Amino acid sequence: MVVHKPFADLGPVLKSTHHILVTEGRVYQKTQVYLDMALKLSELSTCLRSGYGAVLIKDDRIISAGFNGASRGMPHCSEAGCGREGIPSRTRYELCRSAHAEFNSLLFCREDPTNATLYIAGHNVQTKEEKRGASCLPCKMCYRAMRQAKILSVVIRDTNCLPLIYSLDELKFIEEE
Ligand SMILES: [Zn+2]
Ligand SMILES: [Zn+2]
């Protein structure tokens, strides 16, 4: 069953858009498994601040995946420090050395990603706690890359660990952050 949930308790970013909350059934099960996979991948992140994983799914197949880390041949945050440590959430992404999980998953995709769904999950590297809610939404640059790649939708977890599904148009507010 798919329900539309009011915007309570989801933070200022999530309140600014519409979204679908999936709460039970086979779709719910698959969604949580794909989010679990993204969360597991985030363990491979080399950033000192945040680890994110992204799994790209099309027609129930994994067509790509990625995690955040320095670009090939460049020093990782774990080796050379992360310039975003202490910087407020969802700002100054360029200070971190990492290419983002969502961006990498699009770059590494070897088939047409049109209408695929991107599942994003992550954790705080210091506390090991899963990140949920608005902090898992893509940054502006990844959002633009998703639009260019014709991704259909984005799935993250809300603060209660339930999946939130957004169409790319529902995420247009990211450009205004
Ligand atoms: Zn970093
Ligand atoms: Zn990004």
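Placed above this text is the structure.
Residues numbered from 1 in each chain as written. Chains lettered and ligands numbered in written order. Predicted model: local features only at pLDDT ≥ 70, side-chain atom pairs only at ≥ 80, totals over all residues.

Draft legend 1. Expanded view of the overall build of the protein. A count of helices and strands for the protein gives 5 helices and 10 strands. Burial status across the protein gives 38% buried among its 177 residues. Residue pairs in contact within the protein that sit at least 24 positions apart in sequence constitute 63% of those at least 6 positions apart. (Helix = DSSP H or I, 4+ residues; strand = E, 2+ residues; numbered from the N terminus. Buried ≥ 20, exposed ≤ 12 C-beta atoms within 10 Å, placed from the backbone. Contact = placed C-beta atoms within 7 Å.)

Draft legend 2. Seen up close, the packing of helix α4 (residues 101-108) against helix α5 (residues 140-148). Put simply, α4 and α5 touch, their axes get as near as 9 Å, and they point 30° apart. If you check the angle between α4 and α5, you find them roughly parallel. Of the two elements, α4 crosses α5, and the hand of that crossing is left-handed. On the side of α4, the interface is formed by Glu-102, Phe-103 and Leu-106, while α5 contributes Met-141, Cys-142, Ala-145 and Met-146. By residue class, the composition of the contact of α4 with α5 is 6 nonpolar, no polar and 1 charged. (Axes fitted to C-alpha atoms, helices over the stretch in contact; angles between N-to-C directions. Parallel < 35°, antiparallel > 145°, perpendicular 65-115°, else oblique. Left-handed = near helix turned anticlockwise from the far one by under 90°. Nonpolar A, V, L, I, M, F, W, Y, C, P; charged D, E, K, R; others polar.)

Draft legend 3. Representation of the nonpolar core in the model. Counting 34 residues, the largest nonpolar core has Ala-38, Ala-54, Val-55, Leu-118, Tyr-119 and Ile-120 as the members making the most contacts within it. If you list the elements that add at least two residues to this core, you get α2 (25-41), β3 (50-58), β4 (61-67), α4, β7 (117-124), α5, β9 (153-157) and β10 (163-167). Membership of the second largest hydrophobic core comes to 6 residues, among which are Cys-47, Leu-48, Cys-77 and Cys-82. (Core = buried A, V, L, I, M, F, W, Y, C linked by C-beta atoms within 7 Å.)

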